[in-house]
Amino acid sequence: MKISPAGNTCWVFNLRLSNSINRGDKMDYNMDVTIAAISTPPGCAGIGKIRISGEEAIEIADKVFYSSSTESLKEVDSHTIHYGFIKDKKGKDIDEVLALVLKAPKSFTAEDTVEFDCHGGSLPLQGVLDAVLSAGARLAEPGEFSKRAFMNGRIDLTQAEGIMDLINSQTEKGRELAVQHLKGGLSDHIKGIREKLMTILAGMEASIDFPEDEVPGFNSDQVGNKISQVIDTLDELIKSSKTGQIFTEGVETVIVGKPNVGKSSLLNYLLKENRAIVTEIPGTTRDIISELVNLGGIPLRITDTAGIRETSDQVEKIGVERTISSLQTADLVLLMLDVSQGISPGDYKIYQEVKDKPIIILVNKTDLSEEIDRKKIEGDFPEGRIIYTSIQTGAGLKELEDAIKEEIMAGDVKGGYDQIITRIRHRNLLEEAKSSLELVIEGNEMNVPPDLLSVDLKDALLSLGKITGETVTDNLIDQIFQDFCIGK
Amino acid sequence: MSKYFSTYPKEYDVIVVGAGHAGSEASLAAARMGFDVLTLTVNLDHVAFMPCNPSLGGPGKSHIVREIDALGGEMAINMDETMTQIRMLNTSKGPAVHGLRGQSDKVKYHQRMKSVLENQENLDLKQAIVEDLEVESGEVKGVITKTGILYKGKKVILTTGTFLKGRIIIGEAKFNSGPNQQYPANKLSNALKKLGFNLLRFKTGTPPRVNGRSIDFSSLEEQSGEEGLSFSFLSDSLKGEQDSCWLTYSNEETHEIIRENEDRTPLFSGEIDGVGPRYCPSIEDKVIRFPDKERHQFFLEPEGRGTQEFYISGFSTSLPLDVQIEMVRTLDGMENVEIMRPGYAIEYDCVASGQFDLTLETRLVDGLYTAGQLNGTSGYEEAAGQGLMASINAVRSLQNKEPIILKRSESYIGVLIDELVTKEPREPYRMMTSRAEHRLLLRQDNADQRLTPLGREIGLVDDERWNHYQNKVEQINELREYLKDTRITPTKEIRETLEELSSGNLNQPASLEKILRRPAIEYSDLKRLVDNLPEYPAEITEQIEIAVKYEGYIERQLKQVKQFDKLENKLLPEDLDYQELDNLRQEAREKLNKVKPRSVGQASRIAGVSPADIQVLMIYLEKNKKSREKASHEGENQNVK
């Protein structure tokens, strides 16, 4: 069987979009297509860059580029820069540019690449891009250059994941973590842990294969200690994942309370004061609208549980049940009370259900006459942090913001980690590695011989290697498709 | 350009060049499968000769011997029939790394194997020096001997050991020679080069042999044999009196002599350019590399029952003979010792990896196979395993059947051949248990369960072995069922017995299997807990104990195998030109083109191929699958039109 080389084959990667979202137009992930995009941030900078990548990059660039000094971009050497102009279809000059030609595989995407350094400003840039697109390139999807770099083996799995996280990041901190992973920080950290385990393994092996040579025997205590240290390191990483998750996915925050207590006003206030990056994200499991609010760098995914009506006891009961079930996944609960109305049995019920979670009791409408004794509130809601606010007048809102931050940072979420895990895939593998190492410790304590202990030690190494891609698994491809199916 | 004067009238199916450990197994396997075999050896008095240690086995190596046996090979039986001592090493560790070690009687070992070859139907054993290969349009046709005869053969298996351009070095003395001063094979080496083979220069060494009459054993620690052991699954355990080995040590005086004569060591003077094995360093290497070590340990091993020669294991050296004499006499108990044969280093040509595939057939010449030390291994066991597999695959090819490629997850032989093809060994390759990632399943005690059914299918396992095997498996299953089904209740008596066996308490009724899982309990202890515990041979109860006691570990390892084999089963196209995969790094392209891996799994083990390269490969395979699917889809559409 003769397999034709990559260049001749015509194949299509149909990266399916995530199941629930249907964008109508199917994205064309044929890697044979040449793509182009503006690859500098929007705004009025001195220069802007258009990147073209793919098999026809040079040909396409050559169609729109002309120069008095350079005959044709097709003739030039790789890694050379050329001065010239971009013209549109009618032959009219769009911009004066520098063209950088990078031939495969020595470019970011490992494909033929041309970069046009244009004058900054959106008009010339857009004009150059349009010219390139009409010359045969397709507009690149966000992150598509990185995807190609990954597909072409230029970057490893954690780095690719970092790029995906970067594209999806909701906050500055999330972006920072993504960049750290992208740079290989996590890879290096995991590799360091693997090396420690390999040293332990090597020590165990020597005494096995050379029983008659005077190799120092297997020191059970020493191995136990060393493995315990590694478990501690893994624990730290696993713990950091809660923080990581919050920075990348947001803090699931639920506002509960009777109708007209001021939930919508609070939400509107938070939205107005804190720029929301994304609005109207459909919940994945529930059909409840949530809003994303960036509160001092912490993304809050706020769910408004509006809809509970108090027309009859029976209906309220159902409403409360529904609210309670929506509270199960919450990371933070804001329970709102109306100081002018008093506390209802529903308020107590909700409080009982969620008092173990971070909870803030918001006693609102302090601008109206107070019908509840503040002492009673403190007595009735001992687990909650109580804040008195008037969204109407703005009283107590600053205090509320601080309280929210403190509640989140006081729990599992904290800084000070060397590395922060942001992906569930990573956390699961770390957990797997940890349980394998716990089996080593357990066996070691029961005097299980080293050749058997090595079975579990190798399992731990395999799990850690899966994080970085050092352990090659048959489902690597699936993983790649899964990671690039986010629909961005 | 005729290089021969006459053609031997008989045409053979398989010609084996060499009758050492690889050659003997290769010859017997093909003949036993019913094919006409010619075996040519430089010297008939050296068939299956052991030019180095008078011993077989050790961890990893004994695993291979048992695997050869399980497949119907001869090595284990030959050893059982002629050995003088047997022991089990590593018994303080888990069952997977237990390894048999046997002391052989060199002369008897040779004599018996020679006689087996002589008496084998379909096999002609002859003394001849092969100097050239007859090759027509890339296909081997036969071999040409020094005496000018062309022997025609459809397949040729080269098992030339350390004979190719063999050169012995003893201090300042150097001369062309095969091992133990036999005739070296220089012309065959040139013939291979002419055919386009890339040959490497490897080095190995051997210690001096001394006269036992001149050793004072009274001051030495004795190491005697053990009862109840054998290499072959078919043999009874070794009976009668066993010979002993003895331990001796070097001291500061020994080390001083070596340091004083460092400039006379050929390795340091750059005289030897062959690459020697790290795991088997010479005494001068040991002393110079580990200057802080106060003493080194050596084993005095008898070379056989008809001789006084003793082999000083661990004392390999290529220092000049006068230094050897001085050194040896500083060892404990050896003050007046007489050296009978000096230690020496030997350099030889071997075939660099990448030139034969997993069937051991060379890529350059169809029908030509290489096996044994020629392929860069060290050790009789590694050689024999390859000889067997090369022969099986030569025969499979004659039969137009699929080759037999043993998996890494099923055998040490599979690990061995995979690494020879994949890893470009830079020193003589020796098997170790740590080379096998699924060691716990590849035990020497279960080699028959792993490989005997395959051996039967190939046609190497005779009725005697097959019946023995089937009977064993039946008994294992029977006993396992019994242990699962038989329950004991925690009566006062039983609880007391368990206490006595220091195996804790029992509160609930439990199966015997569950009781046996307890670390302190052996099968024989169960007799005290139930009446009429069935009697089974030790080889059966051992299997049960391992299966029950290590069940959790075995299950986890099985899971690892399942994951591992998925990549082994992702096959790569044989004629893929990796240079055309632009996204692979240049080094990876070169290495992949050289090794031509059979599977993604094998590719991932090549040094210089990174996980990122594997990622590229897997994406390429996926693309290709898709484009093939697409092509076939388009084909269908055209048919519709």
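Residues numbered from 1 in each chain as written. Chains lettered and ligands numbered in written order. Predicted model: local features only at pLDDT ≥ 70, side-chain atom pairs only at ≥ 80, totals over all residues.

A. Structural detail: the overall build of chain A. Helix and strand counts for chain A stand at 15 helices and 14 strands. Per-residue burial over chain A gives 42% buried out of 488 residues. Partitioning the contacts of chain A with sequence separation of at least 6, the portion at a separation of at least 24 is 66%. (Helix = DSSP H or I, 4+ residues; strand = E, 2+ residues; numbered from the N terminus. Buried ≥ 20, exposed ≤ 12 C-beta atoms within 10 Å, placed from the backbone. Contact = placed C-beta atoms within 7 Å.)

B. Geometry of the overall build of chain B. The number of helices and strands found in chain B is 19 helices and 22 strands. Its C-alpha radius of gyration of 27 Å places chain B within 12% of the 26 Å reference for a compact globule of 641 residues. Overall, the C-alpha framework of chain B stretches about 95 × 90 × 50 Å when taken along its three principal axes. Restricting to contacts in chain B with at least 6 residues of sequence separation, those with at least 24 account for 73%. (Rg over C-alpha atoms; globule rule 2.2 N^0.38 Å.)

C. Highlighting the domain arrangement of chain B. Residue and element names in this part refer to chain B. When cut into domains, chain B gives domain 1 (10-203 + 347-458), domain 2 (209-346), domain 3 (478-554) and domain 4 (570-640). Inter-centroid distance (C-alpha atoms) of domain 1 to domain 2 is 26 Å. Contacts between domain 1 and domain 2 engage 44 residues on the former and 42 residues on the latter. Mapped onto the side of domain 1 that touches domain 2, the elements with two or more residues apiece are α2 (61-70), α3 (75-82), β4 (83-89), β5 (99-104), α4 (106-118), β10 (167-170), β12 (199-206) and β19 (344-351). At six residues, the largest contribution of residues to the side of domain 1 that touches domain 2 is made by β4. (Domains from an automatic or database assignment.)

D. Expanded view of the confidence of the model for chain B. Summary statistics for chain B give a mean pLDDT of 92 and a share of 96% for residues scoring 70 or more. If you check the scores for this complex, the pTM reads 0.80 and the ipTM reads 0.85. (pLDDT = per-residue confidence, 0-100.)

E. A look at the environment of Lys-239 of chain A. Residues and elements named next belong to chain A. The topology assignment puts Lys-239 in helix α7 (residues 220-249). Judged by the 16 C-beta atoms lying within 10 Å of it, Lys-239 is partly exposed. Each C-alpha atom of the pair Lys-239 and Ala-140 lies 37 Å from the other, and the pair is 99 residues apart in sequence.

F. Main features of the pairing of β5 of chain B. All names here are of chain B. With six of its six residues buried, β5 lies for the most part within the structure. With burial as the criterion, each face of β5 is covered, one bearing Gly-99, Arg-101 and Gln-103 and the other bearing Leu-100, Gly-102 and Ser-104. Relative to β5, β4 is paired through six bridges, and the arrangement is antiparallel. Among the inter-strand pairings, Met-88 is bridged to a residue of β5, identified as Leu-100. (Pairing = 2+ DSSP bridges.)

G. View of the sheet that holds strand β11 (residues 173-176) of chain B. All names here are of chain B. Taken in spatial order, the four strands line up as β11-β10-β19-β12 in an open sheet, and their pairing is antiparallel. A strand with exactly one partner marks an edge of an open sheet, and here the two such strands are β11 and β12. When the angles between neighbouring strand axes are averaged without regard to direction, this sheet yields 20 degrees. (Axes fitted to C-alpha atoms, helices over the stretch in contact; angles between N-to-C directions.)

H. Just helix α10 (residues 345-354) of chain A, in detail. All names here are of chain A. Residues of α10 that are buried include every one of Gly-346, Asp-347, Ile-350, Tyr-351 and Val-354, and no others. Down the axis of α10, the buried set is contained in an arc of 135 degrees. They therefore lie on one face. For α10, the exposed residues set more than 90 degrees away from the buried face come down to Pro-345, Tyr-348 and Gln-352. (Arc of directions from axis to C-beta.)

I. Quick look at helix α6 (residues 252-260) of chain B. All names here are of chain B. Of the positions making up α6, those classed as buried are Thr-254, His-255, Ile-257 and Ile-258. Down the axis of α6, the buried side of the element spans an arc of 155 degrees, and every buried residue falls inside it. Counted as exposed and oriented over 90 degrees from the buried face of α6: Glu-252, Glu-253, Arg-259 and Glu-260.

J. Focus on the sheet that holds strand β18 (residues 339-341) of chain B. Residue and element names in this part refer to chain B. Taken together, the six strands give an open sheet; going across it, the order is β14-β15-β16-β17-β13-β18, and neighbouring strands pair in antiparallel fashion. Either end of the sheet is taken by a strand with one partner, and the two such strands are β14 (221-223) and β18. Looking at each pair of strands side by side, their axes are set apart by 35 degrees on average, direction ignored. With four bridges connecting them, strand β16 (residues 297-302) and strand β17 (residues 309-313) associate as antiparallel partners. Following the sheet pairing, Phe-299 is matched in β17 by Ser-313.

K. Examining the nonpolar core more closely. Counting 245 residues, the largest nonpolar core has Val-128, Val-132 and Leu-335 of chain A together with Ile-157 of chain B as its most contacted members. The contact partners of Val-128 of chain A, leaving out residues within four places of it in the chain, are Ile-50, Ile-86, Ile-94, Asp-95, Val-97, Phe-116 and Cys-118 of chain A. In terms of nonpolar packing, the next biggest core, distinct from the first, is built from 19 residues, Ile-215, Ile-283, Tyr-311 and Phe-315 of chain B among them. (Core = buried A, V, L, I, M, F, W, Y, C linked by C-beta atoms within 7 Å.)

L. Representation of the packing of helix α6 (residues 185-209) of chain A against helix α14 (residues 450-468) of chain A. Residues and elements named next belong to chain A. Where α6 contacts α14, the two axes come as close as 10 Å, and the packing angle between them is 160 degrees. In terms of orientation, α6 and α14 fall into the roughly antiparallel class. The handedness of the crossing between α6 and α14 is left-handed. Facing α6, whose interface residues are Ser-187, Ile-190, Lys-191, Ile-193, Arg-194, Leu-197, Met-198, Ile-200, Leu-201, Met-204, Ser-207 and Ile-208, α14 presents Pro-450, Asp-451, Leu-453, Ser-454, Leu-457, Ala-460, Leu-461, Leu-464, Gly-465, Ile-467 and Thr-468. Its residues assigned to classes, the contact of α6 with α14 shows 15 nonpolar, five polar and three charged. (Parallel < 35°, antiparallel > 145°, perpendicular 65-115°, else oblique. Left-handed = near helix turned anticlockwise from the far one by under 90°. Nonpolar A, V, L, I, M, F, W, Y, C, P; charged D, E, K, R; others polar.)

M. Focus on the confidence of the model for chain A. Residues and elements named next belong to chain A. When pLDDT is averaged along chain A, the result is 75, and 75% of the positions lie at 70 or above. At the low end of the mean pLDDT range in chain A sits strand β9 (residues 281-282), at 32; at the high end sits helix α1 (residues 57-64), at 94. Predicted confidence for residues 275-288 stays below pLDDT 50, and this span has 20 contacts to residues more than four positions away or in other chains. Counting interchain partners and residues more than four positions distant, the pLDDT-below-50 stretch residues 306-312 has 13 contacts.

N. Layout of the packing of helix α13 (residues 424-445) of chain A against α14 of chain A. All names here are of chain A. Interhelical geometry of α13 versus α14 gives an angle of 165 degrees and a closest axis separation of 8 Å. With respect to α14, the element α13 is oriented roughly antiparallel. Crossing handedness for the pair α13 and α14: left-handed. From α13, His-426, Leu-429, Glu-432, Ala-433, Ser-436, Leu-437, Leu-439, Val-440, Gly-443 and Asn-444 reach across to α14, where they touch Leu-452, Leu-453, Asp-456, Leu-457, Asp-459, Ala-460, Ser-463, Leu-464, Lys-466 and Ile-467. In terms of residue class, the contact of α13 with α14 is built from 11 nonpolar, five polar and four charged.

O. Local environment of unusual backbone geometry. All names here are of chain A. The omega torsion of the bond from Ala-104 to Pro-105 falls at 0 degrees, within 30 degrees of zero and hence cis. The residue Lys-365 is not glycine, and still its phi comes out positive at about 65 degrees. Following the sequence through the fold, Lys-365 ends up in the loop between β13 (359-364) and α11 (374-380). Lys-365 sits in the buried class, given 24 other C-beta atoms within 10 Å.

P. Fine view of the environment of Pro-403 of chain B. Residue and element names in this part refer to chain B. Relative to the assigned elements, Pro-403 resides in the loop between α9 (380-398) and α10 (412-422). Sequence separation between Pro-403 and Leu-358 is 45 residues; the distance between their C-alpha atoms is 9.1 Å. Here Pro-403 is in contact with Thr-359, Asn-393 and Arg-396, once residues within four sequence places are set aside.

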